[in-house]
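Given next are the chains, with one letter for each unit.
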Amino acid sequence: MTPILLGLGLVLVVEGLAWALAPSLLVKMLETLRDMTPEQRRLAGLVTLALGVALLWMARLTTL
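Reading the values: rules and limits
Residues numbered from 1 in each chain as written. Predicted model: local features only at pLDDT ≥ 70, side-chain atom pairs only at ≥ 80, totals over all residues. Heavy atoms only, no water. Helix = DSSP H or I, 4+ residues; strand = E, 2+ residues; numbered from the N terminus. Buried < 20%, exposed > 50% of the residue type's maximum accessible area, 1.4 Å probe, protein only. Areas by Shrake-Rupley, 256 points an atom, 1.4 Å probe, with all protein chains shown as cover. Lys, Arg positive; Asp, Glu negative; His and termini not counted. Charge placed at Lys NZ, Arg CZ, Asp CG, Glu CD. Patch = residues over 30% accessible without salt bridge, like charges linked within 9 Å, V, L, I, M, F, W, Y side chains within 5 Å. Salt bridge = Lys/Arg side-chain N within 4 Å of Asp/Glu carboxyl O. pLDDT = per-residue confidence, 0-100. Axes fitted to C-alpha atoms, helices over the stretch in contact; angles between N-to-C directions. Parallel < 35°, antiparallel > 145°, perpendicular 65-115°, else oblique. Contact = heavy atoms within 4.5 Å. Nonpolar A, V, L, I, M, F, W, Y, C, P; charged D, E, K, R; others polar.

It is not clear to me how the overall build of the protein should be interpreted in this structure. Could you clarify?
Helix and strand content of the protein: 3 helices and 0 strands. For the protein, the succession of helices and strands along the chain, N to C, is α-α-α. Expressed as lengths along the three principal axes of its C-alpha atoms, the size of the protein is roughly 45 × 30 × 20 Å. Across the 64 residues that make up the protein, the buried fraction comes to 2%. Total accessible area computed for the protein in this model is approximately 5,800 Å², and 77% of it derives from carbon and sulfur atoms. Here the protein holds 5 positive side-chain charges and 4 negative ones, and the gap between their average locations is 6 Å.

So what exactly am I meant to see when it comes to the environment of V27 here?
Along the polypeptide, V27 turns up in helix α2 (residues 23–35). Sequence spacing of V27 and M1 is 26 residues, and the spatial spacing of their C-alpha atoms is 33 Å.

Explain a nonpolar patch on the surface here, please?
Taken together, the side chains of M1, I4, L5 and L8 present a nonpolar region at the surface, about 470 Å² in accessible area. With respect to the helices and strands, L8 occurs in helix α1 (residues 2–21).

I'm lost on the confidence of the model for the protein in this one. Help?
Regions with low pLDDT should not have their predicted coordinates read in detail. With 98% of its residues at a pLDDT of 70 or more, the protein shows a mean pLDDT of 92. Averaged pLDDT values over the elements of the protein bottom out at 92 in α1 and peak at 94 in α2.

So what exactly am I meant to see when it comes to the packing of α1 against α2 here?
The description of two packed helices rests on the angle between their axes and on the distance between the axes. Axis separation between α1 and α2 bottoms out at 5 Å; the angle between their running directions is 105 degrees. Between α1 and α2, the angle falls in the class roughly perpendicular. Of α2, the residues touching α1 (which contributes A18, W19, A20 and L21) are P23, L26, V27 and L30. A breakdown of the residues in the contact of α1 with α2 according to their chemical character gives 8 nonpolar, no polar and no charged.

See the structure below:
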């Protein structure tokens, strides 16, 4: 349970920093997302998912 809470906490920290430091940039990014097709958004989500899994895998390898 602790790793899950740690991960969620890190996500919230990064999201909060983005909104605190560059709110207008995030609004522009959301507008760009709205203009993308569902297929483009799905591909972006899959790429992000793959990068996240790769980072977690690399972090796991370095802690063993």
